[in-house]
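These are the residues of each chain, in order.
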Amino acid sequence: MADLTASEDRLSFTLKAGGLGTWTLDIPTERLVCSALCKIDFGRNPADNFGYEDLNKAVHPDDFGRWQEAVVSALQSDGQLQVEYRAIRPDGQISWLEVRAETRFDNEGRPLLMSGVSIDITERKEAEAYRAMMAAEMAHRMKNMLATVQSIINQSMRGEQPRRPLSRRRQRAQGGFGLLPVNLWNRD
């Protein structure tokens, strides 16, 4: 008995250290049981009730279809669920969650139980959005700089012969935009 208690303590400690909330959904009854950390991921207090209906209401409307599709797909296939979606907290804040789960089926292949983990990935999603915005800004500035250089070259070389080699160099420089994280040369 002491080994079981120690094992449960280690699991609880590890889940907390990883920021993983746990949950179990009884499929036939739609009864959802969540850990305190899972409830916190959804902006709830650990003592709050948080059932399957509450979960449905918490999923952002723009992500609801994708979330439902992922759940249905898991229930109709191998039972593996992995989905990222936004959740609307009771205070109106939006957070990003990643949910992973496995499903237990009966002997006839009917889903009985889905158990999994949730983790708040809001910081990661915000960092990804910031990097994408900075890459777009950098590409935009490089595009503007190259357009200025191109204009100066074209104005400087009007009526002169060396225009063809400069034009090829300009085209090669434009090709370098494919090396940027985001190729926005043709985007305004």
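Residues numbered from 1 in each chain as written. Predicted model: local features only at pLDDT ≥ 70, side-chain atom pairs only at ≥ 80, totals over all residues. Heavy atoms only, no water.

## What to know about the environment of Ile119
Structurally, the position occupied by Ile119 is in strand S5 (residues 111-120). Look at Ile119 and you get partly exposed, because its relative accessible area is 25%. Separated by 97 residues in sequence, Ile119 and Thr22 have C-alpha atoms that sit 9.0 Å apart. (Helix = DSSP H or I, 4+ residues; strand = E, 2+ residues; numbered from the N terminus. Buried < 20%, exposed > 50% of the residue type's maximum accessible area, 1.4 Å probe, protein only.)

## Things to note about the confidence of the model for the chain
Averaged over every residue, the pLDDT of the chain is 83; residues scoring 70 or more account for 74%. When the criterion is pLDDT under 50, residues 183-188 qualifies, and its contacts beyond four places in sequence or with other chains add up to 11 contacts. (pLDDT = per-residue confidence, 0-100. Contact = heavy atoms within 4.5 Å.)

## Let's talk about the nonpolar core
With 24 residues, the main nonpolar core has Trp23, Phe42, Leu81 and Tyr85 as its most contacted residues. For this core, the secondary-structure elements that each account for two or more residues are strand S1 (21-26), strand S2 (31-34), helix H3 (52-58), helix H4 (61-76), strand S3 (81-88) and strand S4 (94-105). (Core = buried A, V, L, I, M, F, W, Y, C linked by side-chain atoms within 4.5 Å.)

## Points about the pairing of S1
Strand residues, when the strand is regular, have side chains that alternate between the two faces of the sheet. Along S1, the buried face is formed by Gly21, Trp23 and Leu25; none of Thr22, Thr24 and Asp26, which line the opposite face, is buried. Bridging between S1 and S5 involves six bridges; their strand directions are antiparallel. Pairing of Trp23 across the sheet is with Gly116, part of S5. Looking at chain direction, S1 and S2 are connected through four bridges and run antiparallel. Residue pairing for S2: Asp26 is matched across the bridge by Arg31. Linkage of S1 to S2, two consecutive antiparallel strands, is achieved through a turn of four residues, within which Glu30 is found at a positive phi near 55°. (Pairing = 2+ DSSP bridges.)

## A short note on H4
Taking 1.5 Å per residue, 16 residues should reach 22 Å; H4 reaches 23 Å between its end C-alpha atoms and fits that length. If you check which residues of H4 are buried, you get Asp63, Trp67, Ala70, Val71 and Ala74. All buried residues of H4 lie within an arc of 95° about the axis, which places them on one face of the element. Turned more than 90 degrees off the buried face of H4, the exposed positions are Pro61, Glu69 and Gln76. Here the buried face of H4 lies against H3, S3, S4 and S5. (Expected span 1.5 Å × (residues − 1). Arc of directions from axis to C-beta.)

## Section: the packing of aromatic side chains
A complete count under the given rule lists four aromatic pairs for this structure. Relative to Phe50, the ring of Phe42 has its centre 4.9 Å away and its plane inclined at 35°; by these criteria the two rings are tilted. We note that Phe42, like Phe50, is buried. Relative to Tyr85, the ring of Trp67 lies with its centre 6.2 Å away and its plane at 65°, an arrangement referred to as edge-to-face. Taken as a pair, Trp67 in helix H4 and Tyr85 in strand S3 lie far apart in primary sequence, 18 residues in all. Note on Tyr85: relative accessible area 1%, which makes it buried. Site record: aromatic cluster; members linked through ring pairs are Tyr52, Phe64, Trp67 and Tyr85. The ring of Trp96 is capped by Lys125, whose NZ or CZ atom sits 4.6 Å from the centre of that ring. (Phe/Tyr/Trp six-rings, centres within 6.5 Å; stacked < 30°, edge-to-face > 60°. Lys NZ or Arg CZ within 6 Å of the ring centre and 35° of its normal.)

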